[in-house]
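Examining the three-dimensional arrangement
Chain by chain, the residues:
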Amino acid sequence: MNLGVNIAGVELKNPIMTASGTFGSGKDFAPYVDLNRIGCVVVKGVASTPWPGNRPPRIAEAYGGIINAVGLQNPGVDAFCQDDIPFLRGFDTRIAVNIAGRTIDEYVEVAERLATADVDLLELNISCPNVKEGGVAFGVDPAMAEAVTRAVKAVAGQPLIVKLSPNVTDIAAIARAAERGGADAVSLINTLLGARIDVRRRAFVLSTKQGGLSGPAVKPVAVRMVYEVARAVDLPVIGMGGIMTGEDAAEFLMAGANAVAVGTANLLNPTATMDILDGLVAFMEETGVDDVNDLVGVVE
Amino acid sequence: MCQENRTGRVHCMIVSNEPLAEDVRELVFESPAMADEARPGQFVNLYCRHQGQLLPRPISICEIDRAGGRLHLVYACRGKGTREFADYRPGERVEVMGPLGNGFSLDAAGPENLVIGGGVGTPPLLELCKRLTGRTTIAVSFRSAPYLIDRLERCGEVLVATRDGSAGVRGNAMKIVEDRGLTGNIFACGPTPMLAAVQAYAARRDLPAQLSLEERMGCGFGCCVGCVTKVRDASEAGFSYRKVCKDGPVFAAGEVIFS
Ligand SMILES: Cc1cc2nc3c(=O)[nH]c(=O)nc-3n(C[C@H](O)[C@H](O)[C@H](O)COP(=O)(O)OP(=O)(O)OC[C@H]3O[C@@H](n4cnc5c(N)ncnc54)[C@H](O)[C@@H]3O)c2cc1C
Ligand SMILES: Cc1cc2nc3c(=O)[nH]c(=O)nc-3n(C[C@H](O)[C@H](O)[C@H](O)COP(=O)(O)O)c2cc1C
Ligand code: FES
């Protein structure tokens, strides 16, 4: 059975990746899972300087999902290079670094700093608010998405994945903009904006009022968007959003994803990546599939 | 890479799940491995069967029965998840992960210890009280009917307050502490306003104090940075956000910023 996939020239031993921000840089999972069995670890978002993150409460429960407002708390790219890359290089897995920024310059700074670092892929999180454009997320406007992709691609030392925001009316248009900007792959979906109100306290649960919804509740939205994007661009697609089982992973592959990322499931169960990988293998055996690439985009 | 191996979520046999007071229950379940590893002040994640409620419910360990291979938890029935747990029967299984968090540092215990608990902040202090040596004074408050008092009395002098005045002093545990000017190495767990009062009292009297905090959690084992609290540090901002689930839930009173 072949589980290997190729994302923008990078060989992954299997299509199971981790979704940024749900796996740290793997240290918290090492006691529970064999990191060598993960296709690619996508680390938490890193910025040019340390970001403090939002005030608590940062987590709210929603039916079949969670809403988070972590606010990209991270120690900055220098600390990341020093602490996290050597740790992950102790394992036989691919490393993708998720990049956060508030301006194009900040994104570029991180990519420049990482150009010579020992990592395999970059993932550009364009769901961050652009502080120079009144806080509108880069990823909701095709022109901004294209501009930030082009600027980062110009300095990137590794293939560039652009991670799309689902908070748009036409996600295929944003994917095409990323492709024009020079993206080597796209990943989707990031979290959907949502909110919870505590009716007894008559107040929002999260300190920021709204946050990002993820988990099984978003899966049908994600599958639909992966299908649309896979048909719109000629790039590898990484699908995510509510994957909890091997069959969920197969669903994204069939929608057109070349690889999948496990997010919220990691929070709920530290062995989720292994369970999903085992589940995918079992599904392939059961349905007589020898090569995982044969599942990609099989639905019309 | 040398790593301690851990199991994730496990289904544990329920031994009992009895009420201790109105809307407060004690859940006892079997897990020799967890009972072996657990320390006072640590917690476990309980997971709901209902698949709409995916997040863990963090509940502190109340008693560790290492010989019997069991853990005791005491929980308030509040929202959807804890009300689900209230219906669990002996012989059924509950899904658990743990033990999690740092727990209290017993090295800090001295000849005189002052243990302060409020509401369901009291049960997490019982195992600690059992292990403290020296003279231990235990000031605890409840909304109404007190619970666990007999077990606490085996560990030291117990002073009780209730919010409705139905038993002991009317008010919270800090009223007892302030009125009597109690001193010692402080260990506290309870609602945030009470912990803030403990912090102020400890600072005024120059007493060492450990506080067990609560925050909403996404994972409980350190991966999501969802459960943070402000901790003083040398950075420009004067603080950084630290994880309650992994760096805590127990923090030195002096480092916590309540705001
Ligand atoms: C480290 C720690 C130890 C705890 N120990 C105990 C204990 O020993 N006994 C006890 O009764 N309670 C304890 N709590 C509080 C307990 O976790 C909550 O009361 C419980 O999660 C509420 O769940 P629910 O299903 O009743 O409420 P819901 O409102 O349905 O919960 C919705 C979500 O909010 C979270 N949540 C709601 N209230 C709290 C809260 N006060 N703290 C943290 N998360 C919350 C839930 O975990 C869940 O994710 C502890 C909390 C923490 C952080
Ligand atoms: C706690 C948390 C933190 C996240 N942090 C990031 C991040 O730093 N960068 C990013 O691009 N996406 C981040 N995400 C989004 C996830 O990577 C993923 O796109 C999304 O949650 C959907 O997948 P899921 O339903 O499997 O979680 C975060 C999600 C969660 C739940
Ligand atoms: S709850 Fe996830 S880091 Fe603490």
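Conventions and cut-offs
- All chains use their own residue numbering, which begins from 1 and follows the written sequence.
- Think of it this way: whatever chain is written first is A, whatever ligand is written first is 1, and the rest follow in order.
- Local features in a predicted model are, by the rule used here, given only for residues with pLDDT of at least 70; side-chain atom pairs are given and counted only at 80 or more, and totals for whole chains, interfaces and linings are based on all residues.
- Values shown for side chains rest on all heavy atoms present in the structure; no hydrogens or waters enter the calculation.
- We call a residue near a molecule or strand when any one of its heavy atoms sits within 4 Å of it.
- In protein, a polar contact requires one atom able to donate a hydrogen and another able to accept it; more generally it is a pair of N or O atoms within 3.5 Å, and residues adjacent in sequence count only if both atoms are side-chain atoms.
- Throughout, the Shrake-Rupley method with a 1.4 Å probe supplies accessible areas, and for residues the shown protein chains are the sole cover considered.
- As a working rule, the residues Ala, Val, Leu, Ile, Met, Phe, Trp, Tyr, Cys and Pro are called nonpolar, Asp, Glu, Lys and Arg charged, and the rest polar, with Gly in that last group.
- Runs of E in the DSSP output that reach at least two residues are strands. Runs of H or I that reach at least four are helices, and both are numbered from the N terminus.
- Expected span, for any helix, means 1.5 Å times one less than how many residues it has.
- The rule is simple: take the accessible area with a 1.4 Å probe, protein chains only, and divide by the maximum for that residue type; under 20% is buried, over 50% is exposed, in between is partly exposed.
- Only heavy atoms matter for contacts: two residues are in contact if any of them lie within 4.5 Å across the pair.
- Two parts placed together each lose some accessible area; with a 1.4 Å probe, that loss summed over both constitutes the buried area.
- A pairing counts as a salt bridge when a side-chain nitrogen of Lys or Arg comes within 4 Å of a carboxyl oxygen of Asp or Glu.
- Within the patch definition used here, like charges are joined within 9 Å and nonpolar side chains (Val, Leu, Ile, Met, Phe, Trp, Tyr) within 5 Å, considering only residues with over 30% relative accessible area and no salt bridge.
- For every domain, the bounds stem from an assignment made automatically or drawn from a database.

This paragraph deals with the site of ligand 2. Residue and element names in this part refer to chain A. In the vicinity of ligand 2, 20 residues are found, and the nearest of them are Ser20, Lys163, Gly215, Gly242 and Thr264. At 3.4 Å, a side-chain N or O of asparagine 190 approaches an oxygen atom of ligand 2. Summarising the interface, the protein chains cover 96% of the accessible area of ligand 2, which totals 610 Å² for the free molecule. Among the residues forming the shell around ligand 2, the class breakdown is 4 nonpolar, 15 polar and 1 charged.

The local shell around ligand 1 holds 23 residues, among which Pro58, Ala76, Gly79, Gly81 and Thr82 of chain B are the closest. More than one chain reaches ligand 1: its neighbouring residues belong to chains A and B. Within the backbone of proline 56 of chain B, one N or O atom sits 3.3 Å away from an oxygen atom of ligand 1. Contact distances for ligand 1 include 2.9 Å between an oxygen atom and a side-chain N or O atom of arginine 57 of chain B. Coverage of ligand 1 by the protein chains reaches 87% of its 830 Å² of free accessible surface. Secondary-structure elements contributing two or more residues to the shell around ligand 1 are β4 (57-65), β5 (70-76) and α2 (80-86) of chain B. Ranked by residue count, the leading element in the shell around ligand 1 is β4 of chain B, at 4 residues. Grouping the amino acids of the shell around ligand 1 by side-chain chemistry returns 12 nonpolar, 4 polar and 7 charged.

So, on to helix α5 (residues 219-232) of chain A. All names here are of chain A. An ideal rise of 1.5 Å per residue puts 20 Å on 14 residues; α5 measures up with 20 Å between its terminal C-alpha atoms. Listing the buried residues of α5 in full gives Lys219, Ala222, Val223, Met225, Val226, Val229 and Ala232. Buried residues along α5 sit in contact with α4 (171-181), β12 (185-188), β17 (237-240) and α6 (246-255).

The partner chain B presents 35 residues to the 37 residues of chain A that form the contact. Roughly 2,800 Å² of surface becomes buried between chain A and chain B when both sides are summed, with 59% attributable to carbon and sulfur atoms. Taken as a group, Tyr32, Glu61 and Leu268 of chain A account for 22% of the area that chain A buries against chain B, more than any other trio of residues on that side. Linking chain A with chain B are 3 salt bridges, by the criterion used here.

Residues and elements named next belong to chain A. A cluster of nonpolar side chains, contributed by Ile197, Val199 and Phe204, occupies part of the molecular surface with about 290 Å² of accessible area. Mapping isoleucine 197 onto the fold places it in strand β14 (residues 197-198). Residue classification places isoleucine 197 among the partly exposed positions, given a relative accessible area of 47%.

With that out of the way, let us pick up the domain arrangement of chain B. Residue and element names in this part refer to chain B. Here chain B is described as being made up of domain 1 (10-100) and domain 2 (106-257). Computed over C-alpha atoms only, the centres of domain 1 and domain 2 are separated by 21 Å. At the junction of the two partners, domain 1 supplies 25 residues and domain 2 supplies 22 residues. The junction of domain 1 with domain 2 conceals about 1,800 Å² of combined surface from both sides, 62% of it contributed by carbon and sulfur atoms. The largest share of the area that domain 1 buries against domain 2 comes from Pro40, Cys62 and Glu63, three residues that together contribute 26% of it. On inspection of domain 1 and its partner domain 2, the count reaches 3 salt bridges. Residue arginine 151 is joined to glutamate 26 by a salt bridge in which the shortest nitrogen-to-oxygen separation is 2.7 Å. Along the contact surface separating domain 1 from domain 2 lie 6 residue pairs in polar contact (both at pLDDT 80 or more). Secondary structure elements with two or more residues in the side of domain 1 that touches domain 2: β1 (10-21), β2 (24-30), β3 (43-47), β4, β5 and β6 (93-100).

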